[in-house]
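# Fold and contact review
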Amino acid sequence: MRDDHSNIENFEIIEKINKIKIEQMQPEQIQPEQMQLEDLIRDSMNMTDVPAPELNNKLKAALYQQEAALRKQPATHKLSLWYLPMVLNLITFSLLAVLAMIMIENIYLSCFATGICFYVVVAGILLTLVGVKRTNIKEDLAIRIEKRGVLA
């Protein structure tokens, strides 16, 4: 109640200030669009129409249902990247193995370098699988993307 009363008093004060400003203006300075807009604003502020209680209750019920549906959905989308280190390791060392086969002329040395690269690839795959089994790597390596317009 107190807020409504203070809002009305504030509106009346602003309206008086605007009237004083308009009275101080020269007639050629006042534009008809500005006057129409001010009249529309005054008319809308003076409206005291209250919606019917049934309509108000229906709207509240619909709003509560929407909020409940939004709260049931997760507020974020989770993208797990647990496999990314394994894939990057696989690509990197496979390319290094191919590069070793092409660039090293000594067949024994190139096969040895290629074997080390494939050993590192297999070790990366095994380490990733052990990390998934033993730790919470799927949760730790995840990106969380917030959805727009969702209540948290």
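Notes on the structure follow. Model, not experiment: these values are computed from the prediction.

## Some words on the overall build of the protein chain
Summing up its helical and strand segments, the protein chain has six helices and two strands in all. Ordered by position from N to C terminus, the α and β elements of the protein chain give α-α-α-β-α-α-α-β. The 152 residues of the protein chain split such that 11% are buried. For the protein chain, the share of sequence-separated contacts (at least 6 apart) that also reach a separation of at least 24 residues comes to 75%.

## Remarks on the packing of aromatic side chains
What the rule picks out here adds up to one aromatic pair. Ring centres of W82 and Y83 lie 5.9 Å apart, and the angle between their planes is 85 degrees; this geometry places the pair in the edge-to-face category. Among the residues examined, Y83 registers a relative accessible area of 34% and is labelled partly exposed.

## Observations regarding the packing of helix α4 (residues 84-103) against helix α5 (residues 107-134)
In the contact formed by α4 and α5, the axes pass within 8 Å of each other and the chain directions differ by 175 degrees. When the axis of α4 is compared with that of α5, the two are roughly antiparallel. Taking contact as the criterion, the partners of M86, N89, L90, F93, S94, L96, A97, A100 and M101 in α4 are, on α5, S110, A113, T114, C117, F118, V120, V121, G124, I125 and T128. The residue makeup of the contact of α4 with α5, split by class, is 13 nonpolar, six polar and no charged.

## A short note on α5
Since there are 3.6 residues in each turn of an α-helix, residues three or four apart along the chain are aligned in direction. Here α5 is 28 residues long and its end C-alpha atoms lie 40 Å apart, about the 40 Å a rise of 1.5 Å per residue gives. By the burial criterion, the buried members of α5 are S110, T114, C117, V121, G124, T128 and G131. Those residues of α5 that are buried lie in contact with α4 and α6 (137-140). For α5, the N-terminal capping position is held by N106, with its side-chain oxygen 3.3 Å away from the main-chain nitrogen of Y108.

Calculation criteria
- Residues numbered from 1 in each chain as written.
- Predicted model: local features only at pLDDT ≥ 70, side-chain atom pairs only at ≥ 80, totals over all residues.
- Heavy atoms only, no water.
- Helix = DSSP H or I, 4+ residues; strand = E, 2+ residues; numbered from the N terminus.
- Buried < 20%, exposed > 50% of the residue type's maximum accessible area, 1.4 Å probe, protein only.
- Contact = heavy atoms within 4.5 Å.
- Phe/Tyr/Trp six-rings, centres within 6.5 Å; stacked < 30°, edge-to-face > 60°.
- Axes fitted to C-alpha atoms, helices over the stretch in contact; angles between N-to-C directions.
- Parallel < 35°, antiparallel > 145°, perpendicular 65-115°, else oblique.
- Nonpolar A, V, L, I, M, F, W, Y, C, P; charged D, E, K, R; others polar.
- Expected span 1.5 Å × (residues − 1).
- Polar contact = N/O pair within 3.5 Å; in protein donor to acceptor, adjacent residues only side chain to side chain.

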